[in-house]
Amino acid sequence: MSGYSVAVVGATGLVGETMIQILAEREFPVAELHALASEKSRGKPVEFKGRQITVKALNDFDFSGVEIALFSAGADAAKEHAPRAAEQGAVVIDNSSAFRYDDDVPLVVPEVNAESLADCRPRGIVANPNCSTIQLVVALKPLYDAAGIERLSVATYQAISGAGRQAMEALVRDTAEMMAGQGRPEEAADFGGGNATNGGQAPSAAAPSVAFNVVPHIDAFQDNGYTKEEMKIVWETRKILMEPALRIHATAVRVPVFFGHSEAVNVELKRKVAVPEALELFRAARGVIVMSQSQAGGYPTAGIEAARSDGVFVGRVREDISHEQGLNFWVVADNVRKGAALNAVQIAELLIRDHL
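Residues numbered from 1 in each chain as written. Predicted model: local features only at pLDDT ≥ 70, side-chain atom pairs only at ≥ 80, totals over all residues. Heavy atoms only, no water.

1. Observations regarding the overall build of the protein
And step 1. The secondary structure content of the protein amounts to 9 helices and 14 strands.
And step 2. Since a compact globule built from 356 residues should have a radius of gyration of about 21 Å, the 20 Å found for the protein is in line with a globular shape.
And step 3. C-alpha atoms of the protein, sized along the principal axes, occupy 60 × 55 × 40 Å.
And step 4. Counting the 356 residues in the protein, one finds 56% classified as buried.
And step 5. When contacts within the protein are restricted to residue pairs at least 6 apart in sequence, long-range pairs at least 24 apart make up 69% of them.
And step 6. Carbon and sulfur atoms form 49% of the exposed surface of the protein, whose accessible area is close to 14700 Å².
And step 7. Mean positive and mean negative side-chain charge positions of the protein (34 and 45 charges, respectively) differ by 2 Å. (Helix = DSSP H or I, 4+ residues; strand = E, 2+ residues; numbered from the N terminus. Rg over C-alpha atoms; globule rule 2.2 N^0.38 Å. Buried < 20%, exposed > 50% of the residue type's maximum accessible area, 1.4 Å probe, protein only. Contact = heavy atoms within 4.5 Å. Areas by Shrake-Rupley, 256 points an atom, 1.4 Å probe, with all protein chains shown as cover. Lys, Arg positive; Asp, Glu negative; His and termini not counted. Charge placed at Lys NZ, Arg CZ, Asp CG, Glu CD.)

2. Some remarks on the side chain of H261
And step 1. As for its position among the elements, H261 is in strand β11 (residues 261-269).
And step 2. At a separation of 2.9 Å, a polar atom in the side chain of H261 contacts the main-chain amide nitrogen of A159. (Polar contact = N/O pair within 3.5 Å; in protein donor to acceptor, adjacent residues only side chain to side chain.)

3. Section: the nonpolar core
One broad trend across soluble globular proteins is that nonpolar side chains are buried collectively.
And step 1. Grouped together as the largest cluster of nonpolar side chains are 61 residues, with contacts concentrated most on F63, V267 and F329.
And step 2. The dominant element in this core, judged by the number of residues it contributes, is helix α4 (residues 131-147), at 9 residues.
And step 3. Grouped together as the second largest cluster of nonpolar side chains are 48 residues, V15, L23, A167 and A307 included. (Core = buried A, V, L, I, M, F, W, Y, C linked by side-chain atoms within 4.5 Å.)

4. Focus: the sheet that holds strand β9 (residues 149-158)
And step 1. Strand order in the open sheet formed by 6 strands is β10-β9-β11-β14-β13-β12, and the pairing between neighbours is mixed. Only two strands of the sheet have a single partner each, and these edge strands are β10 (247-254) and β12 (288-290). Here the average twist between neighbouring strands, direction ignored, is 25°.
And step 2. Contacts from helix α7 (residues 275-284) reach β12, β13 (312-319) and β14 (326-333) within the one sheet, and its direction differs from that of β13 by about 170°. (Pairing = 2+ DSSP bridges. Axes fitted to C-alpha atoms, helices over the stretch in contact; angles between N-to-C directions.)

5. Overview of the sheet that holds strand β8 (residues 125-127)
And step 1. As summarised here, the arrangement of the 6 strands in space is β5-β2-β1-β6-β7-β8, forming an open sheet in which the pairing is parallel. Every interior strand has two partners, whereas the edge strands, β5 (56-57) and β8, have only one.
And step 2. In terms of strand pairing, strand β2 (residues 30-37) meets β5 through 2 bridges, oriented parallel. The residue of β5 that forms the bridge with A37 is A57.

Below, the structure is given as C-alpha cells:
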C-alpha cells in the first residue's frame, strides 16, 4: 500500500497542528489527510507538506475509509465521536482522558509498553497518556526493568501550553501588564485548568495567574485533596507498568514556561542502583537523552533543551541520601510534542507496522 487515509481531529488546535506537522516530518505514509475540527473551524485552511487542506466539521464527517484517526479534541468530543469512528473502521488514537482507564483500551507509550497495542481490538481505540505521565514512564522504564520500583514520588512543573493556546496568550498579556506596572492579575481560570494538550477541563473556580508565579493547582481537586492531574499520574503509571498497587505520590504545579514540562523524581528501587549504573541504564534507553553533570549547565532545562525537541531529557541523577535504595533525577520533555502529538504518531507508526 502506498499510504493510509488519516484523520486528525482537532486539527486547528495546538496539538492537532503539531500532529500534522509531525506526520510530515516523520514521512508518515499518508495517502489522504482529513483535517477535522468543530463547526466554527469548517473551511479554515491547514498546511500539510506545502499544500493547503480545508478543515471539515467533525460532527457530520463519515469515517468510512479512514484507517487511522488521531483525536485531540477533548474528552467530550472523544466520547461522542471516537466510538463512531471506530465503528466505521478507523483505529482511533485518542489524546484525551476519555478512555485511559477503560480496561479494554490500551494506554500506550511506545518506548515502554508497545506490546499493549495487540489489545486495541475490538474497541478500536488506543489511549494516549497524560503528557506528564509519558515523559515520566519513559525515564522510569530502564530502572523498572533493571531493579523494580517500590515507591515513586514526583513533582511536576508544567508549561502553560498544557492549558492551551488561550492560556499562553493570557500569560503573555498578564506578564506585559505586570512589566508595565499595572499590577498583578487577581485570577486566571485557564491556568488552573486541566491539561488542554490531553483534553483536560477548566475547573469551576479560578486559580491565580501564573505570570511571575508558581501555582500548585492543575485540574479539579479530588476528595483526597489531590488534583485530578496528580491522580492521572498515579492511575496511568500503574496501568502502563501493570503495577496496580505501585505506591506513587505526585504534586502538579503550573509554571510560567511556554513549552516543556519538568519533573523532580524520587524513586525507591527494589535494589540499590548507584549513579554510574543508573546513567548507563538511561543512556541505553530508547527516547532518553542524558545530561547529568554536577556543574552549571550540566543539566537539561524545559525552555532550552526540551522545547521543540522529541527527546525525554534526564539529568541531576544522584543517590538519595535519605534512603539506601533511593535515586533522584530530573526529567524534561516538550509536552506538546513527546507529551502529546509525537507519542500519538509513534503509536500510529507501530499500528501500521504490526497491527493493520
